[in-house]
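Letter by letter, the chains look like this.
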Amino acid sequence: MKRNDLRNVAIIAHVDHGKTTLVDAMLRQSNVFRANEHVAERVMDSNDLERERGITILSKNTAVMHNGVKINIVDTPGHADFGGEVERVLNMVDGVLLLVDAFEGPMPQTKYVLRKALEQNLKAIVVINKIDRPDQRVDDVYDEVLELFMELDANDDQLDFPVVLAAARDGIAKMKMDDESTNLEPLFQLLIDTIPAPQGDADGPLQIMVTTLDYDEYVGRVAIGRIMRGSVSSGQMVAVLNGDTETKVRIGRLYTYEGLKRVEAKEAAFGDIVAIIGLTDVNIGDTIADPDRPEALPAINIDEPTLSMIFSVNNSPFAGREGQFVTSRHLRDRLFREVQTNVSMSVTETDSADSFEVAGRGELHLAILIETMRREGYEFQVGKPKVIYREINGKKCEPLELLTIDVPQEFMGAVMESLGTRRAELVNMVELAGYLRMEFIVPARGLIGFRSEFLTNTKGNGIMHHVFHGYAPFKGDIPGRTRGALVAFEDGETTAYGINSVQDRGVIFISPVQSVYTGMVVGENARELDMDVNPCKKKHVTNMRSSSADEAVRLTPPRILSLEQALEWINDDELVEVTPKSIRLRKAILDRSLRARERKNNSIG
């Protein structure tokens, strides 16, 4: 049976190609908002971090009505680190809108998300977006998209993809550049004509695949998924299937989507995307089934994590001053709660009750978790990110990333030299309107700390993106940070005089009148080894002069490290202390004599 009144579609693309902006325009033109309603830009990016960074982190569901057909739209993340989100939501839809920038063309993440869609045999509509750019190259981009489909072994039906041209920001879509259009009508019509209507057995035993979990502090866990077979109603008894276990439970409330809101429904049929309240022990990948005839759906396959970090309780002298949640129980509960909804992340306990190993898909994936916890009032410390090795056919193998870089030609030498030391291998190079696009295959550990170096080398003119490529035998050692740390050797409050006496040694990370403790990193040494310094030194008053008699001290502005920069900067013997108010760098061993002994033992060993 077919449901011609319904279409389920996901919007997939590389980061910053305009997915969320297009969804905005579709919502506006479907009269979801009142005429006088003020609506923020990128309304789907609902959490603070998404709005600040201009990226989508979590997939979102919405629905619009067009000519009597309900279109369920899933907006997905474009960043490689959130690929787990993309993989899950593709289980909920029958087709995809593949967005491609009219200048940039297909990028690494375009390839990644399209491969996932083609593997699930989903029908694709290609939307070439930003055609209003003065440097648009629509014809070339179309050829590049066609080559990408062929490279990914698309079948004949998938190769016969329709193309629509769009300027999402202006809410315009057209089939050809010469067409006159003032709205998205051509896109809506193409979507309804091309994306298959849901097919299924309306009277068969219930099957719902749980693809997303939400959490509401009033009602608890909210299971979101698509009804694959049968129908479901509010208050109905269902069986939750997880592997070999089966739990019978009653549905509390049932919701469907209308615009940006969840709307309570009495019942829903196959093909609908629903949100269910009342299932306390449900997890992503579970099947909600008929209790009399329970049949599980195939499990969702998610790419494994490639990077891990140790999260531990803050044990610095400033511990507990700024955070609300500071104990190992708080940290443990929060991390294990995260993996219930964040399927591409894993948490394992270590030998220490105060430390946990958290593995994710990349630096950004882990940094977003750290920043989220910090804003929630958690205080903790984290170690240097490390790649996760695998043994394949008896060999030690490491994860590789496909790195794409766009740089003006004058910076090519500096970028090539920097990547050469990081064991990168150049696989492709093309010229694009004054820019060079280079593709490298590089070990994931070679990219730790590369972004800030890359931005410095290209004076902010370079663009880089990377996506997981696969595993390969270990490539050999990669040199780490070439500069040592400036480490405070006493507790106290920094002074302008003290910082002035230290700043000639390297780059300073702190300001005057700032509390520091023994073992805290206050700057980067100009030389290779660590140096103990005293930024709290005071000018002594004598009977010959006052402390202010000399000319005013001139301080170089400190380099304030963001969370990501701090994670990239630290070495194996250093930690980042994270609190709701501060990000501090510190040595893992605070005592300078113990550090010296450890260094001596390591050099002998």
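Residues numbered from 1 in each chain as written. Predicted model: local features only at pLDDT ≥ 70, side-chain atom pairs only at ≥ 80, totals over all residues. Heavy atoms only, no water.

## Describing the overall build of the protein chain
The helix and strand tally for the protein chain stands at 14 helices and 35 strands. Here the analysis covers contacts within the protein chain between residues at least 6 apart in sequence; of these, 71% occur between residues at least 24 apart. When the accessible surface of the protein chain is summed, it comes to about 28,100 Å², and 46% of that surface belongs to carbon and sulfur atoms. (Helix = DSSP H or I, 4+ residues; strand = E, 2+ residues; numbered from the N terminus. Contact = heavy atoms within 4.5 Å. Areas by Shrake-Rupley, 256 points an atom, 1.4 Å probe, with all protein chains shown as cover.)

## Concerning the packing of helix α10 (residues 412–420) against helix α11 (residues 450–457)
Between α10 and α11, the least distance of the axes is 9 Å, while the angle of their chain directions is 155°. Between α10 and α11, the angle is such that the two are roughly antiparallel. In this structure, the crossing between α10 and α11 has a hand that is right-handed. Between α10 and α11, the contacting residues are Ala414, Val415, Ser418 and Leu419 on the first element and Phe450, Glu453, Phe454 and Asn457 on the second. Of the residues assigned to the contact of α10 with α11, the class counts are five nonpolar, two polar and one charged. (Axes fitted to C-alpha atoms, helices over the stretch in contact; angles between N-to-C directions. Parallel < 35°, antiparallel > 145°, perpendicular 65-115°, else oblique. Left-handed = near helix turned anticlockwise from the far one by under 90°. Nonpolar A, V, L, I, M, F, W, Y, C, P; charged D, E, K, R; others polar.)

## A look at the layout of surface pockets
The space that makes up the second largest pocket amounts to roughly 1,100 Å³. For the lining of the second largest pocket, the secondary structure elements donating two or more residues are β22 (386–387), α11 and α13 (563–569). For the lining of the second largest pocket, the per-class residue count stands at ten nonpolar, nine polar and eleven charged. (1 Å grid on protein atoms, 1.4 Å probe; cavity = no way out; pocket = protein on both sides within 12 Å on 5 of 7 lines; lining within 4 Å. Points joined across faces, edges and corners; volume = space filled by probe spheres on them.)

## Some points on the environment of Ser355
Along the polypeptide, Ser355 turns up in strand β20 (residues 355–360). By relative accessible area, which is 14% here, Ser355 ends up buried. C-alpha of Ser355 to C-alpha of Arg332: the two residues are 23 residues apart in sequence and 8.7 Å apart in space. Excluding anything up to four places from it in sequence, Ser355 contacts Ile310, Phe311, Ser312 and Thr350. (Buried < 20%, exposed > 50% of the residue type's maximum accessible area, 1.4 Å probe, protein only.)

## Considering the nonpolar core
Counting residues in hydrophobic clusters, the biggest one holds 45 residues, and the most contacted among them are Leu90, Val96, Leu98, Val126, Ile128 and Phe149. For Val126, the residues in contact, after removing those within four places along its chain, are Leu98, Val145, Phe149, Phe161, Pro162, Val163 and Val164. (Core = buried A, V, L, I, M, F, W, Y, C linked by side-chain atoms within 4.5 Å.)

## Quick notes on the UniProt feature "binding site: GTP" (unreviewed entry) in the protein chain
The UniProt feature table records "binding site: GTP" (unreviewed entry) at Asp16, His17, Gly18, Lys19, Thr20, Thr21, Asn129, Lys130, Ile131 and Asp132. Relative to the assigned elements, Lys130 resides in the loop between β5 (123–129) and α5 (138–151). With a relative accessible area of 22%, Lys130 lands in the partly exposed category. What makes Asp132 partly exposed here is its relative accessible area of 37%. (UniProt positions renumbered as here; feature names shortened; annotations may be inferred.)

## Thoughts on the pattern of salt bridges
Where charged atoms from two side chains of opposite charge come close, those side chains can pair. Tallied over the entire structure, the rule returns 27 salt bridges. For Lys130, the salt bridge identified is with Asp101, shortest N-O distance 3.4 Å. Of this pair, Lys130 sits in the loop between β5 and α5 while Asp101 sits in strand β4 (residues 95–101), and the two are 29 residues apart along the sequence. Taking relative accessible area as the criterion, Asp101 reaches 1% and is therefore assigned buried. Note that Arg334 and Glu376 form a salt bridge whose closest N and O atoms lie 2.6 Å from each other. Linking Arg334 in helix α8 (residues 328–341) with Glu376 in the loop between α9 (363–375) and β21 (380–382), this pair joins segments that are 42 residues apart in sequence. (Salt bridge = Lys/Arg side-chain N within 4 Å of Asp/Glu carboxyl O.)

## Focus on α9
With 13 residues, α9 should cover 18 Å at 1.5 Å per step; its first-to-last C-alpha distance of 18 Å lies within 8% of that length. Across the 13 residues of α9, eleven count as buried, placing the element largely inside the fold. Taken from the residues just after α9, Gly377 is the one with a positive phi, measuring 105°. (Expected span 1.5 Å × (residues − 1).)

## Here we look at unusual backbone geometry
With a phi close to 60°, Asp153 is a non-glycine residue in the positive phi region. Turning to its location among the elements, Asp153 is positioned in the loop between α5 and α6 (156–159).

## Describing the packing of α8 against α9
Contact geometry of α8 with α9 gives a least axis separation of 12 Å together with a crossing angle of 130°. In terms of axis orientation, α8 runs oblique to α9. In the packing of α8 onto α9, the handedness of the crossing is right-handed. Of the residues in α9, those in contact with Leu331, Arg334, Leu335 and Glu338 of α8 are Leu369, Thr372 and Met373. Along the lines of polarity and charge, the residues of the contact of α8 with α9 split into four nonpolar, one polar and two charged.

## Looking at the side chain of Gln503
Mapped onto the secondary structure, Gln503 falls in the loop between α12 (496–502) and β30 (506–508). With near-sequence residues (within four places) excluded, Gln503 lies in contact with Ile508, Arg554, Leu555 and Thr556.

## Observations regarding the packing of aromatic side chains
Summed over the entire model, instances satisfying the criterion amount to eight aromatic pairs. Taken together, a centroid distance of 6.0 Å and an interplanar angle of 55° make the contact between Tyr142 and Phe161 tilted. Within this pair, whereas Tyr142 is found in helix α5, its partner Phe161 is found in the loop between α6 and β6 (163–167), the two being separated by 19 residues in sequence. We classify Tyr142 as partly exposed; its relative accessible area is 33%. (Phe/Tyr/Trp six-rings, centres within 6.5 Å; stacked < 30°, edge-to-face > 60°.)

## Some thoughts on the side chain of Thr287
In this structure, Thr287 sits in strand β17 (residues 287–289). Given the relative accessible area of 1%, Thr287 is considered buried. A polar contact is formed between the side chain of Thr287 and the backbone nitrogen of Leu297, at a distance of 3.0 Å. Beyond its immediate stretch of four places on either side in the chain, Thr287 contacts Ile208, Ala239, Val240, Leu241, Glu295, Ala296 and Leu297. (Polar contact = N/O pair within 3.5 Å; in protein donor to acceptor, adjacent residues only side chain to side chain.)

## Considering the pairing of β5
Burial analysis of β5 places seven of its seven residues in the buried class, the great majority of the element. Burial along β5 is two-sided: the residues Lys123, Ile125, Val127 and Asn129 and Ala124, Val126 and Ile128 are all buried. Where β4 and β5 come together, seven bridges link them in parallel fashion. Counterpart to Val96 in the pairing with β5 is Ala124. Two strands pair when backbone bridges link them, and β5 and β6 are joined in this way by three bridges, in the parallel orientation. When the sheet's bridge partners are listed, Val126 is paired in β6 with Val163. (Pairing = 2+ DSSP bridges.)

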